[in-house]
Each structure stands twice: as C-alpha cells, then as structure tokens.
Amino acid sequence: RFHSSIDYIETISNIRDKLETVSIPEGAAKPKIIRFQANTEPLLRYAIVKTNQSISELELQKLIQETLIRSLESVEGVALTTLLGAQQKQVQIEVDPIAIQTYEINLSSIPEIIQGRNKSYPAGEIQFDGKKISVRFGQGIRSAEELSELILKRDGAKTIKLKDVAQIHSKIIK
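To keep things clear, this report deals only with the structure shown in the data block. Along each chain, residue indices are assigned from 1 in the same order as the chain's sequence is written. The predicted nature of this model means local features are confined to residues of pLDDT at least 70 and side-chain atom pairs, given and counted, to a pLDDT of 80 or more, with totals for whole chains, interfaces and linings taken over all residues. Note that water and hydrogens are dropped before the side-chain values are worked out from all heavy atoms of the structure.

A few words on the overall build of the protein chain. A run of H or I in DSSP becomes a helix once it reaches four residues, and a run of E becomes a strand once it reaches two; helices and strands are each numbered from the N terminus. When helices and strands are tallied, the protein chain shows 6 helices and 6 strands. Mapped from its N terminus to its C terminus, the protein chain presents α and β elements in the order α-α-β-α-α-β-β-α-β-β-α-β. Each residue gets one of three labels from its accessible area relative to the maximum for its type: buried under 20%, exposed over 50%, partly exposed in between, using a 1.4 Å probe on protein chains only. Sorting the 174 residues of the protein chain into buried and exposed places 14% on the buried side. The contact criterion used throughout is that any non-hydrogen atoms of two residues lie within 4.5 Å. Taking all contacts inside the protein chain whose residues are at least 6 apart in sequence as the whole, residues at least 24 apart take part in 52%. Where accessible areas are quoted, they stem from the Shrake-Rupley method and a 1.4 Å probe; at the residue level, only the protein chains shown are allowed to cover. Of the roughly 14,200 Å² of accessible surface on the protein chain, a fraction of 52% belongs to carbon and sulfur atoms.

Structural data, given as structure tokens:
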C-alpha cells in the first residue's frame, strides 16, 4: 500500500479553491474531486420512486438533495454522493434585439454581467465536530425571477434590468 505524508484534505481544499477561479465552459459539469482508492466500489444505492401525487418531482428532488444527500455527505468516509435521473431546471433568456438597441446595451455584455453576479469565492474553513467544512461567500442567482431583476445598466435616473430587454423562461429538462 502506498503511503504519503501529504494532507489530502488540505490538498483537496486547495484544489477546490483554485477551481473556483477558473471559468468552466458552458454546458460542462462542475468538477468533482474525490479521493480514489482502487478497491473502492459503491456500497449503497437507493432507488426512490414517487408514489405521492401531492408532491412534484422537483419538490421531491429538492427534499432528497437537502435531506438524504446532505446527510450522506456528512458521514465520515463517504467520498461521493450522486443523484441520477433527476430533472433539472434550465433558464432560457430570449433577448429582444430592438430593446437592446434602444437601451444601447451590448449583447455580449449580458453573459458577462450574469457570470459576474453569479459567483462565489472560498473564504476558508471551519472545524466543526471534528470535521473541516469549506466556507464560501458571494452572490448566486437562485431563480428566473431574480435573474430578471438583474441590473444591466444605469442611465441617469433610469435603471435597465434584464427583464426590460429579454424574456426569461424556466424549463425542466431530464
């Protein structure tokens, strides 16, 4: 067996911090960093089926993510949890070319403004109950409604928001 004097928890934390400063291409998944051991195989698999019609698939997914997944991730020795087959929300922005021309907004500035507003940064670690927890700060856009209120430009007393130049739609993809 190979032994190393490297503190892998600190190393992984440093790698995560560095990854936060890198722009990930559109459509690419956020990288997951795990400690790999050749003899590691999944020990537990859950299949969850919705039988209660009073809860939507997205509500069930959120419940699973916030309870089951978070609980499993906090267990010592659990390297990775993955939710497969879940629906995802996708936000589509349809820009009105006449509106951006009227308000003199550069089309290429819209993605830059959205990315600038939707960032978080590493803020260190907290030790709690014998475990290190990464802490982050920053702003994140949580909904299509919040995105629509994003300020693109201030023109004197007038504030131009994304909703003034585009239609924003949430769409469920599988």
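Salt bridge, as used here: a side-chain nitrogen of Lys or Arg that lies within 4 Å of a carboxyl oxygen of Asp or Glu. Taken as a whole and assessed by the stated rule, the structure comprises 3 salt bridges. The residue E146 makes a salt bridge to R117 at a minimum N-O spacing of 3.4 Å. Taken as a pair, E146 in helix 5 (residues 144-148) and R117 in helix 4 (residues 109-117) lie far apart in primary sequence, 29 residues in all. On the basis of relative accessible area, R117 is assigned to the partly exposed category, the value being 25%. Its salt-bridge partner being K163, residue E149 comes within 2.6 Å of it at the nearest N-O pair. With E149 in the loop between helix 5 and strand 4 (151-155) and K163 in helix 6 (residues 162-165), the pair connects residues that are 14 residues apart, well separated along the chain.

Taken together, the side chains of L44, Y46 and I48 present a nonpolar region at the surface, about 330 Å² in accessible area. Here Y46 lies in the loop between helix 1 (8-19) and helix 2 (57-73). Taking the relative accessible area as the measure of exposure, Y46 reaches 53% and is therefore exposed. For patches, a residue must show more than 30% relative accessible area and have no salt bridge; joins then use 9 Å for like charges and 5 Å for nonpolar side chains, namely Val, Leu, Ile, Met, Phe, Trp and Tyr.

Bringing the environment of I98 into the picture now. Along the polypeptide, I98 turns up in helix 3 (residues 97-102). Between the alpha carbons of I98 and V165 there is a distance of 8.2 Å; along the sequence they are 67 residues apart.

What follows concerns the side chain of S148. Within the element layout of this structure, S148 appears in helix 5. A relative accessible area of 12% means that S148 is categorised as buried.

This next bit is on helix 4. Those residues of helix 4 that fall on the buried side of the exposure criterion are S109, I110 and I114. Looking straight down helix 4, one finds that the buried residues subtend no more than 135 degrees of arc, so they occupy a single side. Looking at helix 4, the residues exposed on the side facing more than 90 degrees away from the buried face are E112 and Q115. In this fold, the buried residues of helix 4 make contact with strand 1 (88-95), helix 3, helix 5, strand 4 and helix 6. Relevant arc is that of directions from the helix axis to the C-beta atoms, nothing else.

With a phi angle near 55 degrees, E104 is a residue other than glycine that sits in the positive phi range. Residue E104 is classed as exposed on the basis of its relative accessible area, which comes to 64%.

Let's shift gears to the nonpolar core. Generally speaking, a soluble globular protein has its nonpolar side chains buried in company with each other. The biggest cluster of nonpolar side chains holds 14 residues, and the ones touching the most others in it are I105, I110, I114, L147, L152, L162 and V165. Mapped onto this core, the elements with two or more residues apiece are helix 3, helix 4, helix 5, helix 6 and strand 6 (166-173). Among residues more than four places away in sequence, those in contact with L162 are I93, I110, I114, L147, S148, L150, L152 and I168. In this text, buried Ala, Val, Leu, Ile, Met, Phe, Trp, Tyr and Cys residues form a nonpolar core when linked through side-chain atoms within 4.5 Å.

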